[in-house]
Amino acid sequence: QVQLVESGGGLVQTGGSLRLSCAASGQSFSPYDMGWYRQVPGKQRELVAAVTSGGSTNYVDSVKGRFTISRDNAKNTATLQMNSLTPEDTAVYYCNLNRRSGANIYNYWGQGTQVTVSS
């Protein structure tokens, strides 16, 4: 079992920056692929950025060049650095860990942290 806690959200003006963090406990962080998702009311949760257990990364087109995902396996933490923020980035951001072991899929979510970008 893995427990995840996100932090670092808040209110920022257009063009500003925020750094979100995700702290994991209960199990080793290293075997998991990790992703940051976001969700706004009435819409489906979307994947923003991901980093695999091997360290490769990918991003949704709308955040490429602005957001950076990273992980520190020794500390069981992950970070999403968000720069050049716009109102379109306003959402609740969630940390996700997942991995496959044989026939089993393990999938864990944090409670979310609010990001609001004003004009």
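Our subject is the structure that appears above.
Residues numbered from 1 in each chain as written. Predicted model: local features only at pLDDT ≥ 70, side-chain atom pairs only at ≥ 80, totals over all residues. Heavy atoms only, no water.

Caption draft 1: Region of the structure containing the overall build of the chain. Scanning the chain for helices and strands turns up 0 helices and 11 strands. Walking the chain from its N terminus toward its C terminus, one meets helices and strands in the order β-β-β-β-β-β-β-β-β-β-β. Relative to its length of 119 residues, the chain is compact, with a C-alpha radius of gyration of 14 Å against a globular reference of 14 Å. Residues classed as buried in the chain amount to 37% of the 119 residues present. For the chain, contacts bridging at least 24 residues in sequence account for 56% of all contacts bridging at least 6. Surface accessibility of the chain: about 6300 Å² in total, with carbon and sulfur atoms responsible for 47%. (Helix = DSSP H or I, 4+ residues; strand = E, 2+ residues; numbered from the N terminus. Rg over C-alpha atoms; globule rule 2.2 N^0.38 Å. Buried < 20%, exposed > 50% of the residue type's maximum accessible area, 1.4 Å probe, protein only. Contact = heavy atoms within 4.5 Å. Areas by Shrake-Rupley, 256 points an atom, 1.4 Å probe, with all protein chains shown as cover.)

Caption draft 2: Representation of the sheet that holds strand E8 (residues 77-82). Here 4 strands make up an open sheet; going across it, the order is E1-E3-E8-E7 and the pairing antiparallel. A strand with exactly one partner marks an edge of an open sheet, and here the two such strands are strand E1 (3-7) and strand E7 (67-72). Across the sheet, the mean angle separating the axes of adjacent strands is 15° when strand polarity is ignored. In terms of strand pairing, strand E3 (residues 18-25) meets E8 through 6 bridges, oriented antiparallel. Bridge pairing links Leu18 to Met82 in E8. (Pairing = 2+ DSSP bridges. Axes fitted to C-alpha atoms, helices over the stretch in contact; angles between N-to-C directions.)

Caption draft 3: Here's a closer look at the nonpolar core. Counting residues in hydrophobic clusters, the biggest one holds 29 residues, and the most contacted among them are Met34, Trp36, Leu80, Met82 and Tyr93. Of all elements in the fold, only E3, strand E4 (33-39), strand E5 (46-51), E7, E8, strand E9 (91-101) and strand E11 (113-118) reach the threshold of two or more residues within this core. If sequence neighbours within four positions are ignored, Met82 has contacts with Gly16, Ser17, Leu18, Leu20, Arg66, Phe67, Tyr93 and Val115. (Core = buried A, V, L, I, M, F, W, Y, C linked by side-chain atoms within 4.5 Å.)

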